[in-house]
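Chain and residue survey
Residues per chain are reported as follows:
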Amino acid sequence: MATMAQGIRLALHYAEENLGLTDVFGEDVGPPLGGVFTATQGLKCAWNSPLDERGIIGTAIGIAMAGGRPVAEIQFCDYIFNTIDLLKLAGNMRWSSYGSWGLPLVVKTPVGSGIHGSIYHSHSFESVASHIPGWKIVCPSNAIDAYGLMLSAIADPDPVLFLEPKALLRAKTPDLIPGEPADEKELNRRINKPVIGDTTGWQPDWPDVQPAFVPIGQAAIRRAGTNATVVSYARTLPLAVKAADQLASEGLSFDVIDLRTLYPIDMPTLRKSLHKTRRLLVINEDTEVTNYGEHLIRRLTEEFFYDLEVPPRLLAGKDVPGIGMAWPLEAASVPQAQDVTEAMRDIATQPGRAAAGEWPLIPETFFRNR
Amino acid sequence: MATLDAARKRRIHDLMVKTRLTEETAISMNKKGEGHFWIGGAGEEAFGTCLGLQVNKGQGPDHDFLHLHYRGGPTAIAMGVEPIDHLRQMRATASDPFSGGRQFVEHYAIPEWNIVPVSPTIETQYTMAPGTALVQKRHGGHGITIVTGGDAGAAEGDFHVCLTWASRPGNELPLLIIVTHNRWGISTASSSQWSTTSLNDLATPFGIKNSRVNGNDVEASWDAIAQAMDYVRTERRPYCLQADVSRLYGHSSASGANRIEGEPDCIALFEDQLTAEGIVSRADCDAVWDRWRAQIRSAYDQIHREPYPDGTDIWKHIFAEPVRT
Ligand SMILES: Cc1ncc(C[n+]2csc(CCOP(=O)(O)OP(=O)(O)O)c2C)c(N)n1
Ligand SMILES: [Mg+2]
């Protein structure tokens, strides 16, 4: 029953003991706070950095160059934008040195809306991040994946961007991380720093967690069905799962794919699903213009153009400069449960080309084998 | 102070000439269309050579890390970079050992000597240097991190980043922060940007010891570097050193790469000194130039037989293992 924040914390603990993790650092990451979402409490190698995002990314690069294995945090992805040239440098370090300088580093940063964060605690970053070649990008939607993807990210020889959907950081995952106490209260007692009272000298009593790597580049199928393929991740993923369960009562079933890794993309899983359903809906909450989901749709449309029953669709955030404070503003800006349900119903029930008697003139295999 | 003996001075002179001729060959290649862009450290040989010769060269935290910028040629050549490899990168041949024909010239990347990849982005190296220095501080020993950059670029926040991260109380870093001051940033006069001519002074409020040296003077440079390095190595604290240098061929090929009148030439100055001291004769000097001219000429001839990278090469080394997506 760990939360995602606890899953990340347990992974960092496992990694500092077993995977050579040398530094977890960023603003308020070390004691006494242990991170604004508590994901870095109690770690031996966690420390507070100056309040300087460029210094955080630059220093992480330097640590990795000198043989360390850092996890650097940008407190909210809303504050990562002044480091983009450094992220580009990290992404091209191996390539520009013709393979001689690799950078095993992880940058973790909370993303997205859902906590009433207003304009500067609600940004998404995946679309911009996907324009920075040389990075792997992961984005878990539950504690088990957060644990396993963090282990894989730290063990990876290349830069990995670990996007933390902040709306889900405190959500509990029913499944257990191997070694996690079955009793949720026990876990909390052992690894959560007390919120009240004198906490000087507090140390966690770490459970003996075992490695459970989630490979980078593998999506997970959360629900299986036939009427449409729904690809999502982060805050909107559980909304899609819930909608799939609801829409079952209307006789509709969906492949709900939790992408988990945004780069490299698990194309085989997407292809397999689309081959079956022939209908594609991508859901995320980044602003819609030049949205990461558009890339998925472009790739899949090129491959499946003659197979698709209906036009593929993107349900994404509105192209507005920020997410307003008042709840109706946030609700109108990024997909909510009802928007997800409606979009899924629409894509599954829209009359398709087969129904209209329109069949492709060119054999579909010609295009698939192109 | 005179810490340099005659043999060492001859060695420094030899390396300065080797570097200058390498740079001038690269410039002439650019003018002949045999290399798309030239930038480099012509004019910085006195300071750069003295720096390169005092580096504790090797791999890993026991040795010095170098975060150089695009005028680091004199330092790298003093450390052992050969003209032929420099010219390979100038021509962007597949045999360019630093980047396989991907980067501008003088953009070294040498893991065996802790020379981290040079980037054309000015000052970004100042954000990374604290990272290698931090690892060295924890590691102990005498390895230090050296970062270099220009005067105009010190206006970037990254220079401030470096000063902050190098001087955190209790976490002071073994970091030698160098500014090579040539009074220009492309066409922007330093005097129009800075109210001070001593950028090392910027380190003072951070409690970072600092000084300034005439980078055209070999002996002064040698001693200033030796003192700064000794402090950083033993105290495990940062030091900021400004070297006043010449920009002998202007900013880059983009501004013509022609010899600039009135800029002091550190090699000519050093030769005057060496002959006055009776360490070498004019004929000895000429012999050094002739020897390197011949060697670099044959390096230049050699690289003409070497192919450019193939277009399919772009997919190599994006990640440690090829990624399919
Ligand atoms: C971040 C960044 N901004 C601008 C440039 C373009 N640029 C290249 S060199 C240069 C001037 C730098 O001057 P200075 O720091 O004094 O170094 P110098 O070239 O004089 O040695 C500029 C503006 C760049 N390469 N990177
Ligand atoms: Mg300058």
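Residues numbered from 1 in each chain as written. Chains lettered and ligands numbered in written order. Predicted model: local features only at pLDDT ≥ 70, side-chain atom pairs only at ≥ 80, totals over all residues. Heavy atoms only, no water.

Remarks on the overall build of chain A
Put simply, the rule is: The helix and strand labels rest on DSSP assignments: H or I over at least four residues marks a helix, E over at least two residues marks a strand, and numbering proceeds from the N terminus. Put simply, the radius of gyration uses C-alpha atoms, and a globule should come to 2.2 Å times the residue count raised to 0.38. The cut-offs for exposure are 20% and 50% of the maximum accessible area for each residue type, with area from a 1.4 Å probe on protein chains only; residues under the lower value are buried, those over the upper are exposed, and the others partly exposed. In what follows, residue pairs with any heavy atoms lying within 4.5 Å of each other are defined as contacts. Using a 1.4 Å probe, accessible areas were evaluated by the Shrake-Rupley method; residue-level cover was limited to the displayed protein chains.
Counting its regular elements, chain A contains 12 helices and 12 strands. For chain A, the C-alpha radius of gyration of 21 Å lies close to 21 Å, the compact-globule estimate for 370 residues. Dimensions along the principal axes, computed over C-alpha positions, put chain A at roughly 70 × 50 × 40 Å. Looking at the 370 residues of chain A, the share that counts as buried comes to 59%. A separation threshold of at least 6 residues defines the contact pool for chain A, and within that pool the share at least 24 residues apart is 80%. Of the roughly 14,300 Å² of accessible surface on chain A, a fraction of 56% belongs to carbon and sulfur atoms.

Structural notes on the sheet that holds strand β5 (residues 136–138) of chain A
Residues and elements named next belong to chain A. Our working definition: Here, strands pair whenever DSSP counts at least two bridges between them. Orientation is described by axes fitted as lines to C-alpha atoms, over the contacting stretch for helices, and by angles from 0 to 180 degrees between their N-to-C directions.
Spatially, β2-β1-β3-β4-β6-β5-β10 is the arrangement adopted by the seven strands of the open sheet, whose pairing is mixed. Either end of the sheet is taken by a strand with one partner, and the two such strands are β2 (46–48) and β10 (261–263). When the angles between neighbouring strand axes are averaged without regard to direction, this sheet yields 20°.

Notes on the coordination of the magnesium ion (ligand 2)
Residue and element names in this part refer to chain B. Put simply, the rule reads: Only nitrogen, oxygen and sulfur atoms count as donors, using a 2.8 Å cut-off from the metal that widens to 3.2 Å for Na, K and Ca. Water is left out, so coordination shells may look unfilled.
Protein coordination of the magnesium ion (ligand 2) is provided by Asp151 (OD), Asn182 (OD1) and Trp184 (O), with donor distances spanning 1.9 to 2.1 Å. Asp151 sits in the buried class, given a relative accessible area of 1%. A relative accessible area of 33% places Trp184 in the partly exposed class.

Quick look at the domain arrangement of chain A
All names here are of chain A. The cut-off we apply is this: All the domain ranges listed were derived from an automatic or database domain assignment. Put simply, buried area is how much 1.4 Å-probe accessible surface two parts lose in total, over both of them, once they are put together. For salt bridges, the criterion is a side-chain nitrogen of Lys or Arg within 4 Å of an Asp or Glu carboxyl oxygen. Any pair of N or O atoms that falls within 3.5 Å is considered a polar contact. Within protein, one atom must be able to donate a hydrogen and the other to accept it, and sequence-neighbouring residues count only if both atoms are side-chain atoms. The residue classification treats Ala, Val, Leu, Ile, Met, Phe, Trp, Tyr, Cys and Pro as nonpolar and Asp, Glu, Lys and Arg as charged. All others, Gly included, are polar.
Domain parsing of chain A yields domain 1 (4–191) and domain 2 (220–368). Between domain 1 and domain 2, the C-alpha centre-to-centre distance is 28 Å. Each side of the interface is counted separately: domain 1 has 29 residues, and domain 2 has 25 residues. Roughly 2,000 Å² of surface becomes buried between domain 1 and domain 2 when both sides are summed, with 55% attributable to carbon and sulfur atoms. At the boundary of domain 1 and domain 2, one finds two salt bridges. Residues Asp145 and Arg222 are paired through a salt bridge, measuring 2.5 Å at the closest nitrogen-oxygen approach. Where domain 1 meets domain 2, there are 13 residue pairs in polar contact (both at pLDDT 80 or more). Secondary structure elements with two or more residues in the side of domain 1 that touches domain 2: α4 (126–129), β5, α5 (143–155) and β6 (160–165). Residues of the side of domain 1 that touches domain 2, tallied by class, amount to 13 nonpolar, 13 polar and three charged.

Thoughts on empty space enclosed by the protein
All names here are of chain A. Where we set the bar: Points on a 1 Å grid over protein atoms alone make up a cavity when a 1.4 Å probe fits among them but cannot get out, and a pocket when they form an open set with protein on both sides within 12 Å along at least five of seven lines; lining residues each have an atom within 4 Å of a point. Grid points are joined across faces, edges and corners, and a volume is the space filled by probe spheres set on the points.
Taken as a whole and assessed by the stated rule, the structure comprises six cavities of 30 Å³ or more. As a volume, the largest cavity reaches approximately 90 Å³. Taken together, 14 residues make up the lining of the largest cavity; nearest its centre are Gly112, Ser124, Ala234, Arg235 and Glu285. Tallied by class, the residues present in the lining of the largest cavity amount to five nonpolar, five polar and four charged.

Thoughts on the site of ligand 1
All names here are of chain B. Stated formally: We call a residue near a molecule or strand as soon as one heavy atom of that residue lies within 4 Å of the molecule or strand.
Among the 15 residues in the neighbourhood of ligand 1, the closest are listed as Tyr70, Arg71, Ala152, Gly153 and Trp184. Between ligand 1 and the protein, one listed contact pairs an oxygen atom with a backbone N or O atom of Trp184 at 2.7 Å. For ligand 1, whose free accessible area comes to 580 Å², the fraction covered by protein is 73%. When its residues are assigned to classes, the shell around ligand 1 shows six nonpolar, six polar and three charged.

Looking at helix α5 (residues 125–139) of chain B
Residues and elements named next belong to chain B. Cut-off, in case you're wondering: Every helix has an expected span of 1.5 Å times one less than the residues it contains.
The end-to-end C-alpha distance of α5, which contains 15 residues, comes to 21 Å, matching closely the 21 Å that a straight helix rising 1.5 Å per residue would cover. Residues of α5 that are buried: Gln125, Tyr126, Thr127, Met128, Ala129, Pro130, Gly131, Thr132, Ala133, Leu134, Val135 and Gln136. Residue Gly140 follows α5 closely and has a positive phi angle near 80°.

Looking at the interface of chain B and chain A
The partner chain A presents 40 residues to the 41 residues of chain B that form the contact. Buried area between chain B and chain A, both sides added, is near 3,300 Å², and the carbon and sulfur share of it is 69%. When the buried surface of chain B facing chain A is broken down by residue, B:Trp165, B:Phe319 and B:Thr325 rank first, second and third, together holding 22% of it. At the surface where chain B touches chain A, the tally comes to two salt bridges. Note that B:Asp158 is salt-bridged to A:Arg54, the shortest N-O span being 2.6 Å. Taken together, chain B and chain A are joined by 12 residue pairs in polar contact (both at pLDDT 80 or more). Contributing elements (two or more residues each) for the side of chain B that touches chain A: β1 (65–67), α5 and α6 (157–166) of chain B. A class-by-class count of the residues in the side of chain B that touches chain A yields 20 nonpolar, 14 polar and seven charged.

What about the packing of helix α1 (residues 6–31) of chain B against helix α9 (residues 266–276) of chain B?
Residues and elements named next belong to chain B. Inclusion rule: Roughly parallel covers angles under 35 degrees, roughly antiparallel covers those over 145, roughly perpendicular covers 65 to 115, and oblique covers all other angles. Crossing handedness is read from the near helix: turned anticlockwise from the far helix by less than a right angle, it gives a left-handed crossing, and turned clockwise, a right-handed one.
The contact between α1 and α9 brings their axes to 11 Å, and the two run at 155°. On the basis of the axis angle, α1 is roughly antiparallel to α9. Remark: the crossing between α1 and α9 carries left-handed chirality. Along the contact surface, α1 presents Lys9, Ile12, His13, Met16, Val17 and Arg20, while α9 presents Cys266, Ile267, Phe270, Glu271, Gln273 and Leu274. In terms of residue class, the contact of α1 with α9 is built from seven nonpolar, two polar and three charged.

Remarks on unusual backbone geometry
Cis peptide bonds are those with omega within 30 degrees of zero, and the linkage from A:Pro31 to A:Pro32 qualifies with 5°. With a phi angle near 55°, B:Arg236 is a residue other than glycine that sits in the positive phi range. Locating B:Arg236 in the fold gives a position in the loop between α8 (218–235) and β7 (239–244). The backbone of B:Ala257 shows a phi angle near 50°, a positive value even though the residue is not glycine. With respect to the helices and strands, the residue B:Ala257 is situated in the loop between β7 and α9.

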